[in-house]
Each structure stands twice: as structure tokens, then as C-alpha cells.
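Okay, here's what each chain looks like letter by letter:
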Amino acid sequence: MATSDRNRVLRLLPIFAGSLGGVFLLINRLLTPQLLDSQARSDALGVILSAVLILTGLLWQQIQPRSPDAVELVGEQGFELKPDLPEFIQTELAWASHLLLTNTVTRSVVIYYQGEVLLRRGILGKNPTVKPGAILQRVLEKQKPIYLVNLTLYPGRIEFDYLPENTQGVICQPLGDQGVLILGANTPRSYTKQDENWVEGIGEKLANTLSNLLNETSELT
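The rules behind each value
- Residues numbered from 1 in each chain as written.
- Predicted model: local features only at pLDDT ≥ 70, side-chain atom pairs only at ≥ 80, totals over all residues.
- Heavy atoms only, no water.
- Helix = DSSP H or I, 4+ residues; strand = E, 2+ residues; numbered from the N terminus.
- Expected span 1.5 Å × (residues − 1).
- Buried < 20%, exposed > 50% of the residue type's maximum accessible area, 1.4 Å probe, protein only.
- Polar contact = N/O pair within 3.5 Å; in protein donor to acceptor, adjacent residues only side chain to side chain.
- Contact = heavy atoms within 4.5 Å.
- Core = buried A, V, L, I, M, F, W, Y, C linked by side-chain atoms within 4.5 Å.
- Arc of directions from axis to C-beta.

Participant: Sorry, what's going on with helix 3 (residues 87-103) here?
Facilitator: Residue pairs spaced three or four apart in an α-helix point in one direction, given the helix's 3.6 residues per turn. Helix length check: helix 3, at 17 residues, gives a terminal C-alpha distance of 24 Å against a target of 24 Å (1.5 Å per residue), a fit within 8%. Within the sequence span of helix 3, burial applies to Ile-89, Glu-92, Leu-93, Ala-94, Ala-96, Ser-97, Leu-99 and Leu-100.

In C-alpha cells:
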């Protein structure tokens, strides 16, 4: 269920105050048996002030941006790591996912690398496996991040069935040409440019760690 905009009351306050003032002026005029010149001038001033308040409120509705509505993601909190990963990599993945969940609007993290899911954390989707669709394939091929600002508008959202079903926004950050860091948010248009830079930096750090250590492990085995 969407949460209400925190600034909604402030934006509506001038409209409410102006309308209430206008109603009181009308009641006062109807209940006054004899209208004096001084009261007529006061009423005129009151009408002007009420109109200004209402106009201000209407302008605020247009000028002040509304915060996107957030939803409660469908799923359960969880933290899953591929058990046979080296301890250092497990620590690195846990650290990175914790930073993303606590410092950005991210609510769900999936790390997909070399055809396997290495980590799922946050609100977990029903499907534990990742089958790359057109969007993830493009990220892997181009090695360029893709930010889907409002997932509900994209027909290709079906490929993200490993995220909560009502995920609102998604960032797919490449981890070199071997994997993708997939982040799900509960609010559309919620990642700022600073967030995207933050995600890119963490993605590059993870890509370097995974590339070096997993390749070393494969050589030893």
C-alpha cells in the first residue's frame, strides 16, 4: 500500500485556511443585520486574503514536487549467500549489500556472477534463481548500467521475477562482463545521480574482488 506524501498537509494548508476564512466571512455577512462601511471594507480585505491563500496553495501544488509514493514490497526479509564461496568474498558481499541497503533506497539486492546467484539480501522474491532476460543480457554485453525508473511501465519486467513482485525501480549494475549487481527499490524514480554513482563505485569494487579471487580459486582447483 502506498504511503502518503509527507508534504501533502503543508501543500494543502493554504487552501484549507483560505477556504475556511471565506466561509467564516460569508457566515458573518449573513448574520449581520446592518452592514457598516467599516465592515464592508473588512470583508473585502478578508476576501482578498482568502483568495491569496487559496491561490498560493494551488501554486504550491504545481511548483513543489511530490515525493514518489512508496509501497510495502511483497516478500520476506532474508540474507542468502552461496555457501561454498571463500570467506573473504562472503565478507565483501555482505559488506557491500549492507551499505546499499542502509545508504540508498534499495530494499532488495541480488548479485549474479558467472551464471550463479552469489547473494540475495533484503526483501526476497519468490524465485531464488536468476535467468538473464533481454535487459540483463544487454547489461552483460554492453557493460553499461541500466536504471529502470518505474518498473511497472516496462513490459520486460517479467524477467525480474527473482525480485519482489511489486518492485518499483531497478538498477542493473554490471560486474565486468561476468555478472550483474541487481538492486530493487520500493519507490519509483527514487535513485538520485549520487546514488547511481555510489552503486557504480561499489559495483566496480565487487567486480575487481570477484574477478581476482574467483579466478584464483578456479586455478587452484
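Participant: What's the story with the side chain of Asn-186 in this structure? I'm lost.
Facilitator: One can find Asn-186 in the loop between strand 6 (179-185) and helix 5 (193-220). Of the polar contacts made by the side chain of Asn-186, one reaches the side chain of Thr-187; its length is 3.2 Å. Setting aside chain neighbours within four positions, we find Asn-186 in contact with Asp-69, Ala-70, Val-71, Leu-73, Val-105, Arg-107 and Gln-168.

Participant: Sorry, what's going on with the nonpolar core here?
Facilitator: Nonpolar side chains in soluble globular proteins tend to end up buried together. Leu-93, Ile-111, Leu-175, Leu-181 and Leu-183 are the most contacted members of the largest nonpolar core, which has 23 residues in total. When contributions to this core are tallied by element, the ones reaching two or more residues are helix 3, strand 2 (106-113), strand 3 (116-124), strand 5 (169-175), strand 6 and helix 5. If near-sequence neighbours (up to four positions away) are discounted, Leu-93 is found in contact with Leu-81, Leu-85, Ile-111, Leu-118, Leu-119, Leu-206 and Leu-210.

Participant: Before we go on, may I ask you to explain helix 4 (residues 134-142) in this structure?
Facilitator: Along helix 4, the residues that are buried comprise Ile-135, Leu-136, Val-139 and Leu-140. Seen along its axis, helix 4 keeps its buried residues to an arc of 135°; they face one direction. When the buried face of helix 4 is taken as reference, the exposed residues oriented beyond 90 degrees from it are Ala-134, Arg-138, Glu-141 and Lys-142. On its buried face, helix 4 sits against strand 4 (146-148), strand 5 and strand 6.

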